[in-house]
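Single-letter residue listing:
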There are 2 protein chains.
Amino acid sequence: MRTSSEEDYLKAIYALSNNSDGASTNALANHLNMKASSITDMLKKLSDKGWVHYEKYKGASLNIDGKAIALNIVRKHRLWETFLVNKLNFKWDEVHEIAEQLEHIKSNELVDRLDDFLGNPTFDPHGDPIPNKDHEITDSRKRSYLSEVKINREVIIIGVKDSSAQLLQYLEKENMVLGKHISVLEIHDFDKSLRIAINGKELNISERVAQNVLVQIN
Amino acid sequence: MRTSSEEDYLKAIYALSNNSDGASTNALANHLNMKASSITDMLKKLSDKGWVHYEKYKGASLNIDGKAIALNIVRKHRLWETFLVNKLNFKWDEVHEIAEQLEHIKSNELVDRLDDFLGNPTFDPHGDPIPNKDHEITDSRKRSYLSEVKINREVIIIGVKDSSAQLLQYLEKENMVLGKHISVLEIHDFDKSLRIAINGKELNISERVAQNVLVQIN
DNA sequence: AAAATTATTTAGTTTTGCCTAAATATAAGT
DNA sequence: ACTTATATTTAGGCAAAACTAAATAATTTT
Ligand SMILES: [Mn+2]
Ligand SMILES: [Mn+2]
Ligand SMILES: [Mn+2]
Ligand SMILES: [Mn+2]
């Protein structure tokens, strides 16, 4: 048996394990809005359960079982988000909180049927890849942040780095949604802000925004 | 704020409050598979929160706020069951457990959109009425248990008293599903078992089964 | 009406998941 | 290298939601 809380910790460790080094206590505390001491407690428990490799003062990383659980939660989160947007007409900035709850519903049958009902989607409403039944993520697209794209190279918006409601609403307003084609026309020396071409128009965006938009390089 | 546990208690009190008298401690303990002492603890808390009227040794009943919460949970439970059966092709005996979890997802927007997505259904897969947004149940059908129907009176199956998987699977196998027309041909003196006409055939069922099948009398 | 049975409450305990405050380890600055 | 700052752990505590065992109230039987 597994609690929702344990699942959220495993998901957080997965999210914060970038290269191959794990996640630090403080990074987890920050990510989960908790105190560091609570993290230490839980890491010990997760280690006892055999889901996490934990050494004092050296942070935590997922072992095989833990990673499978984390990816299963991520899969459920992204499938539910897809359901909420595609079937219930929620906007992409409204679904995270609800999926945060739905991801903990226990029923393998439910996940698989939901997956089929949605047409086995490969990406969620924020462009994040959805792991398959075997917890595998396949995303072969060449990706880059918009802030790092060369001048006059046409790229396609495929995701966001941070999916906070603020950013998503801003992008929505400027019609910078998934699938749109963009060219960077100019990068201003002064503040690194970008002038881009999109939807047949021109538009200025800040470096900060560009750093949070993921694009596919053809 | 409200916990899932509190919600389950309120729902149980609602389910066990038949006429106007509330639910007893032991009845609740039995219904929720808990010990009586746990019930007493929670009834005090729910009373403090103003959702339940509780007097020592006299059981508990819902007050206005408590009833609204209970009906909201029932609404969500039945809408999710409808979703699982109508959209994800679950069988009617497979959905209760999952709905027991889904009913606690917090988002008014979600419930309303789900309701619309399902076409504002009025009954769930077991024939139970679904409360509307204002927590009102309207079910004007004349109902009776099949065990009390007079000989040769044609009735329609509209629900079950107990929706355990065992009963549901039995009914499924005999094709005694919602909407079917039935006539009671004979009641055997010996064991009160019934001979009924259904689907153009004749069939014997026990008194026990008949006591758990709800029918509409035209 | 008294005794026996059943229902309910009280008292005390456990586990989970969080917290604060204090202690200690690690990393950074001079 | 020594001092300061930051990160992490330890110790102790708290609230929620369950439990067991014992006490008491209510109901039923004789
Ligand atoms: Mn979550
Ligand atoms: Mn997402
Ligand atoms: Mn429930
Ligand atoms: Mn039902």
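Cut-off values and rules
Residues numbered from 1 in each chain as written. Chains lettered and ligands numbered in written order. Predicted model: local features only at pLDDT ≥ 70, side-chain atom pairs only at ≥ 80, totals over all residues. Heavy atoms only, no water. Contact = heavy atoms within 4.5 Å. Buried area = accessible area lost by both parts, 1.4 Å probe. Salt bridge = Lys/Arg side-chain N within 4 Å of Asp/Glu carboxyl O. Polar contact = N/O pair within 3.5 Å; in protein donor to acceptor, adjacent residues only side chain to side chain. Helix = DSSP H or I, 4+ residues; strand = E, 2+ residues; numbered from the N terminus. Least-squares fit on C-alpha atoms with pLDDT ≥ 70 in both. Expected span 1.5 Å × (residues − 1). Buried < 20%, exposed > 50% of the residue type's maximum accessible area, 1.4 Å probe, protein only. Domains from an automatic or database assignment. Donors = N, O, S within 2.8 Å, 3.2 Å for Na, K, Ca; no water. Pairing = 2+ DSSP bridges. Axes fitted to C-alpha atoms, helices over the stretch in contact; angles between N-to-C directions. Arc of directions from axis to C-beta.

Engineer: Explain the interface of chain A and chain B to me, and be specific about the residues and the numbers.
Structural biologist: Taken together, the contact pairs 20 residues of chain A with 20 residues of chain B. Summing the contributions of chain A and of chain B, the shared interface buries around 1,600 Å²; its carbon and sulfur component is 73%. Linking chain A with chain B are zero salt bridges, by the criterion used here. Where chain A meets chain B, there are six residue pairs in polar contact (both at pLDDT 80 or more). Among the elements that take part in the side of chain A that touches chain B, helix α6 (residues 108-117) of chain A stands out by supplying five residues, more than any other.

Engineer: Pulling in residues and values, what's your account of the relation of the copies chain A and chain B?
Structural biologist: With an RMSD of 0.1 Å, the fit of chain A onto chain B corresponds to turning through 180° and sliding 0.0 Å along the axis. Such a combination of rotation and displacement between the chain copies is what one expects of a two-fold axis. Among all residues of chain A, the minimum C-alpha distance to the rotation axis is found for A:Leu102, at 3.8 Å. Mapped onto chain B, 100% of the interface residues of chain A again fall at the interface, so both copies present the same surface.

Engineer: Can you tell me about helix α1 (residues 4-16) of chain B, naming the residues and giving the values?
Structural biologist: All names here are of chain B. The terminal C-alpha atoms of α1, which comprises 13 residues, lie 18 Å apart, in line with the 18 Å expected from a rise of 1.5 Å per residue. Regarding α1, the residues found buried are Glu6, Glu7, Tyr9, Leu10, Lys11, Ala12 and Ile13. Those residues of α1 hidden inside the fold are in contact with α2 (25-31), α3 (36-48), β1 (52-54), β2 (60-62), α4 (64-86) and α5 (96-102).

Engineer: Report on the domain arrangement of chain A, specifying residues and quantitative values.
Structural biologist: Here the domain parsing of chain A yields domain 1 (4-62) and domain 2 (143-217). Here the C-alpha centre of domain 2 of chain A lies 33 Å away from the C-alpha centre of domain 1 of chain A.

Engineer: Give me the environment of B:Ile64: which residues, what numbers.
Structural biologist: Tracing the chain through its elements places B:Ile64 in helix α4. When the C-alpha atoms of B:Ile64 and B:Gly50 are compared, they prove to be 9.1 Å apart, with 14 residues separating the residues in sequence.

Engineer: Go over the coordination of the manganese ion (ligand 4) with me, naming the residues and quoting the values.
Structural biologist: Residues and elements named next belong to chain B. Protein coordination at the manganese ion (ligand 4): the donors are Glu81 (OE), Asp124 (OD) and His126 (ND1), at 2.1 to 2.3 Å from the metal. All donor residues of the manganese ion (ligand 4) come from one chain, and their arrangement in sequence is E-x42-D-x1-H. Taken as a pair, Glu81 in helix α4 and Asp124 in the loop between α6 (108-117) and β3 (143-145) lie far apart in primary sequence, 43 residues in all.

Engineer: Tell me what's going on with the sheet that holds strand β3 (residues 143-145) of chain A, and back it up with residues and numbers.
Structural biologist: All names here are of chain A. The sheet built from six strands is open, its strands ordered β3-β8-β4-β5-β6-β7 with antiparallel pairing. Since the sheet does not close on itself, it has two edges, and those belong to β3 and β7 (201-205), each with one partner. Strand after strand, the sheet turns through a mean of 45° between neighbouring axes, direction not considered. With respect to the sheet, helix α7 (residues 165-173) is in contact with β4 (154-160), β7 and β8 (213-217), its orientation differing from that of β4 by roughly 145°.

Engineer: Before we move on, can you summarise the sheet that holds strand β5 (residues 181-187) of chain B with the specific residues and values?
Structural biologist: Residue and element names in this part refer to chain B. Read across the sheet, six strands follow the order β3-β8-β4-β5-β6-β7 without closing on themselves; strand pairing throughout is antiparallel. At either margin of the open sheet sits one strand with a lone partner, and together these are β3 and β7 (201-205). Here the average twist between neighbouring strands, direction ignored, is 45°. Relative to β5, strand β4 (residues 154-160) is paired through three bridges, and the arrangement is antiparallel. In the strand pairing of β5, Glu154 is matched with Ser183. With respect to the sheet, helix α7 (residues 165-173) is in contact with β4, β7 and β8 (213-217), its orientation differing from that of β4 by roughly 145°.

Engineer: Outline α7(A), listing residues and values.
Structural biologist: Residues and elements named next belong to chain A. Residues Leu167, Leu168 and Leu171 constitute the buried set of α7. The buried side chains of α7 occupy one side of the element, clustering within an arc of 95° when seen end-on. Residues of α7 that are exposed and angled more than 90 degrees away from the buried face: Gln166 and Lys173. The inward-facing, buried residues of α7 contact β4, α8 (207-211) and β8. Immediately downstream of α7, the backbone of Asn175 shows phi near 60°, a positive value.

Engineer: Any chance you could break down unusual backbone geometry for me, citing the residues and the numbers?
Structural biologist: Phi at A:Lys192 is positive, roughly 60°, even though this residue is not glycine. Structurally, the position occupied by A:Lys192 is in the loop between β5 (181-187) and β6 (194-198). A:Lys192 gets classed as partly exposed once you look at its relative accessible area, which sits at 48%. Backbone geometry at B:His135 places phi at a positive 65°, although glycine is not the residue there. Secondary-structure assignment places B:His135 in the loop between α6 and β3. Judged by its relative accessible area of 28%, B:His135 falls in the partly exposed class.

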